[in-house]
Amino acid sequence: MSIKSKIIISLLLIVISVLGASATYHYFQTQQTLHAELELRATHKLQRLEENLILPLWELDEGWVYKIIQTEMADDEMYAISVTGAEDLEEALVRDQNWQVISQVTDAVAAESTLVRQTKILRNNEEIGVLKISLSNHLVTERLKQDLINNLISTAVLIVLIVLFLGLILTWSVLNPLQAISLAVLELTKGNYEVSLKNNSHDEIGQLANGFENMRQNIKLREQERNSAITALEKSKSELLQLNEHLELRVSERTSDLEKSNLQLQETSSALENAKNAAESSNKAKSIFLANMSHELRTPMNAVLGFSRLMLDDPNITLEQKENLDIINRSGNHLLNLINDILDMAKIESGRMQMEHEPFDLGLLMRDIIDMMHERATSKGIDLFLDQSSSFPRAIDSDAGKIRQILTNLLSNAIKCTDSGQVLLRLSSYEDNLDQPIICFEVKDTGRGISKEQLPLIFSAFIQVGEQAEQTGTGLGLAITQQFAELLKGHISVTSELGKGTTFKVAIPIIKLDEQNLLSIAPKGNHKIIGLAAGQPNYRVLIVEDQMENRLLLRRILESVGFQVIEAINGQQGLEQFKQCAPDFVWMDRRMPVMDGITATHKIRELAKGKNTPIVAVTASVFEQERYALLHAGVNEIVNKPFRDEDIFNCMARYLDIEYQYQTQEIDIQATTPNMLDAEQLSHFESAWRHQLAEAANSLDIELSLEVIAKIQEAEPVIAEHLKHLVEQFNFEKIIELTES
């Protein structure tokens, strides 16, 4: 079918659909109008008859009634009329099949294709009769038929005219141009590229013609280019035949070159494999070396520090001996710190350092650090100040050990690099855009400062900035500090000016806890254990340790409070002693001859008596793989060397029902809580003293607060100790409340 036929049929269908819908709509509208007019006429006739029949029905004049309805039946639309009244008055007229008026019973009023109306005839609101009329709609039907015929004729004529008109327009504007384009395309397919297409219109057909003309010109151009390419290809083919004559020689040379390159690649791969094996071997050797160094250095350090502490507790030593022991203890702790720095750096580099979450009292941690650093600052003749904002939290969940190490490293570095002036620790907190609590530590000193050239190297491992003569330590403190800050999801920054001082800023995200949690965080005891409480069982403790000095140190610590001690110098002897003595607690070393601690623990756990006996490992190793091996063997816990006395006693108290006896103090500030102080207890003090204490508390000045409290130490020692406790707990709000009430 041609496009012209398709378009004409489409137009015909569209016009028929539109005009048919319009004619249908007009038909139904006419039908509704005629029926509405019929109902209106029926209403009028009913009203007129009702008015005319009132008097005849009242007088019961049947003849008069008959004449009235006979007159109304003269209307061809009226199909039937019936009237009923009192005393069996009944008159009815209806049309028969020939549309003639005849008398009929009342039931014949209703019929198909009629409109029936009925009403009651009233006189003075009294019913005197009933009137029924029936109008035929045959006139309406006739008018509808005639109207439908007229619509169909006019619609058909209109359809023909519209289709002819649109067909002529489409033929002139669309079909003829398309036919011209079609003929031009046919010529183009035959290879005739010279036929041009004339176009004078700017509509879509004109754009199509222009596109065809551009395509014809492009094809013609491509044909010319193709001919040129064929010519060039023939020329290249000739050159290729000439080059092919030398191809075999060139392939042979290239093959030889590839074989040489492959040989070099194999040599390089072998060298890389050897280098990789060497690196892995070196890394393994490094790990073995660090593990051995940890054990070999920390084990004797345990003995040095332990025995120096025991000797310091001896009341018979002289002052000079005490000073010598203090030097030994400080030097040993310094050496231990250097060892820990190197091992921490090794852990960080190997990715074994992890963050540990625990709830703790940040205020107590700050107090411990300030107390520890205050002595160092005082010995150098410099001031150490603390500036704490009121928003700084007390109870948090984070890694207390790493936060302590960060602040200790920064304050130690600041004190070391400051010859005169002061070191300031500023504590604050804020919330970031995600409502994450952030704590900030700022350590500012008035020391030597760092030059701009050396500032980028400040966090590099094993590198120390400043004068060579002033450099001490390993150069790992700040590197570890930066690594710890990043491990805690925080960051550290530094600003410095040569000769004027340095400022380190650390920001660490934390989980803030309600201060009610402080009640559940057990503080470390400050009372010295001097023995077992009365009524305690005679606990037997087995020490399995190959190093004589460490075994002796642990024995003296345990015997000093009343434990019965059994010794073994290796795992095999420890197993035999366990079978013979059935101890209540076992201290197990890791590395021993004959049988190590892991094997001995396995064998003890296999015994019936050894299944529930607490076994705690004492080791100098800090590497996770060795700790995991011990825990997997069945030890309950691990205590690292060098240990403190309280580490030993607290560990045993966790597994045995032990109560200790503590050294008593002159004033027991735990007897009453600081919250029991009230303003009345301070009311008899001088107002100037209370004013000074209030000002010191408002400025959060710890040193000034302690100086003011010292003024009443002799007169009121109990109250002074309670106030000191409030200062140490950073509870300045309570002090302000007591002094200003």
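Residues numbered from 1 in each chain as written. Predicted model: local features only at pLDDT ≥ 70, side-chain atom pairs only at ≥ 80, totals over all residues. Heavy atoms only, no water.

(A) Highlighting the sheet that holds strand β8 (residues 395–398). Spatially, 3 strands are ordered β6-β8-β13 in an open sheet, and the strand pairing comes out antiparallel. Across the chains shown, the open sheet's two edge strands, defined by having one partner strand only, are β6 (358–361) and β13 (511–512). Sheet topology places β8 next to β13; 2 bridges connect them, and they run antiparallel. Residue pairing in the sheet places I396 in a bridge with K512 of β13. Strands in contact with helix α7 (residues 362–380) are β6 and β8; relative to β6, the strand with the most contacts, it is inclined by about 60°. (Pairing = 2+ DSSP bridges. Helix = DSSP H or I, 4+ residues; strand = E, 2+ residues; numbered from the N terminus. Contact = heavy atoms within 4.5 Å. Axes fitted to C-alpha atoms, helices over the stretch in contact; angles between N-to-C directions.)

(B) Quick look at the side chain of Q577. One can find Q577 in helix α11 (residues 571–581). If we skip the residues at most four places from it in the chain, Q577 touches L542, I566, E567, A568 and A582.

(C) Quick look at empty space enclosed by the protein. Applying the stated criterion to the full structure yields 1 cavity of 30 Å³ or more. Taken as a whole, the largest cavity spans an internal volume of roughly 50 Å³. Lining the largest cavity are 12 residues, and of these I543, E545, L554, V618 and K641 sit closest to its centre. Counting residues per element, the ones that place at least two in the lining of the largest cavity are β15 (540–544), α10 (548–559) and β17 (585–589). Take the lining of the largest cavity: its biggest share by element is 3 residues, from β17. Across the lining of the largest cavity, the residue classes break down as 7 nonpolar, 2 polar and 3 charged. (1 Å grid on protein atoms, 1.4 Å probe; cavity = no way out; pocket = protein on both sides within 12 Å on 5 of 7 lines; lining within 4 Å. Points joined across faces, edges and corners; volume = space filled by probe spheres on them. Nonpolar A, V, L, I, M, F, W, Y, C, P; charged D, E, K, R; others polar.)

(D) Region of the structure containing the pairing of strand β12 (residues 501–509). Along β12, 8 of the 9 residues are buried, which leaves the element largely enclosed by surrounding structure. Relative to β12, strand β10 (residues 437–445) runs antiparallel, the two being bridged by 7 bridges. Along β12, the bridge assignment pairs I438 with P509. Examined bridge by bridge, strand β11 (residues 491–497) and β12 share 7 bridges and lie antiparallel to one another. Opposite E497, over in β12, you have G501 as the bridge partner. Between β11 and β12, which pair antiparallel one after the other, the connecting turn spans 3 residues, and G499 there sits at a positive phi close to 85°. (Buried < 20%, exposed > 50% of the residue type's maximum accessible area, 1.4 Å probe, protein only.)

(E) How the structure looks around the pairing of strand β9 (residues 422–431). In this structure, strand β7 (residues 383–388) lies alongside β9, joined through 6 bridges in parallel fashion. Note that in β9 the partner of D383 across the bridge is Q422. Relative to β10, β9 runs antiparallel, the two being bridged by 9 bridges. Note on β10: the bridge partner recorded for V423 is D445. The turn joining β9 and β10, which pair antiparallel and follow one another in sequence, is formed by 5 residues; a positive phi near 60° is taken by D435.

(F) Seen up close, the packing of α10 against helix α14 (residues 645–655). Where α10 meets α14, the axes come as close as 11 Å, and the angle between the chain directions of the two elements is 65°. The crossing of α10 and α14 is right-handed. Contact residues: α10 offers L554, I557 and L558, while α14 offers D645, I648, F649 and M652. (Left-handed = near helix turned anticlockwise from the far one by under 90°.)

(G) View of the pattern of salt bridges. Inspection of every chain in the model, using the stated rule, returns 15 salt bridges. Among the ionic pairs, E442 bridges to R426, the shortest N-O distance being 3.3 Å. Of this pair, E442 sits in strand β10 while R426 sits in strand β9, placing them 16 residues apart in sequence. Each of R551, R555, E559 and E567 takes part in salt bridges that share partners, so that together they form one network. (Salt bridge = Lys/Arg side-chain N within 4 Å of Asp/Glu carboxyl O.)

(H) Structural context of the nonpolar core. By size, the foremost hydrophobic cluster in this structure holds 41 residues, and its most contacted members are M366, I403, I439, F441 and I508. Broken down by secondary-structure element, the contributors of at least two residues to this core are α7, β7, α8 (400–416), β9, β10, α9 (477–487), β11 and β12. Top contributing element to this core by residue count: α8, with 8 residues. Those residues in contact with I508 that lie beyond four places of it in its chain are I403, I406, P437, I438, I439, F441, L488 and G490. Counting 26 residues, the second largest nonpolar core, distinct from the first, contains F307, Y539, F585 and V616. (Core = buried A, V, L, I, M, F, W, Y, C linked by side-chain atoms within 4.5 Å.)

(I) Up close: the sheet that holds strand β5 (residues 126–136). What the 5 strands build is an open sheet, ordered β3-β2-β1-β5-β4; its pairing is antiparallel. Whereas interior strands pair on both sides, the edge strands pair on one side only; in this sheet they are β3 (101–103) and β4 (114–123). The average undirected angle you get between the axes of adjacent strands in this sheet is 15°. The pairing of strand β1 (residues 78–85) with β5 spans 7 bridges and is antiparallel.

(J) The confidence of the model for the protein chain, seen in detail. This prediction gives the protein chain a mean pLDDT of 78; 82% of its residues lie at or above 70. Of all secondary-structure elements in the protein chain, the lowest mean pLDDT belongs to helix α6 (residues 319–350), at 66, while β15 reaches the highest, 95. Residue range residues 468–474 is modelled with pLDDT below 50. Its contacts to residues more than four positions away, or to other chains, number 13 contacts. Per-residue pLDDT stays below 50 along residues 522–526; that stretch engages in 2 contacts with residues further than four places along the chain or on separate chains. (pLDDT = per-residue confidence, 0-100.)

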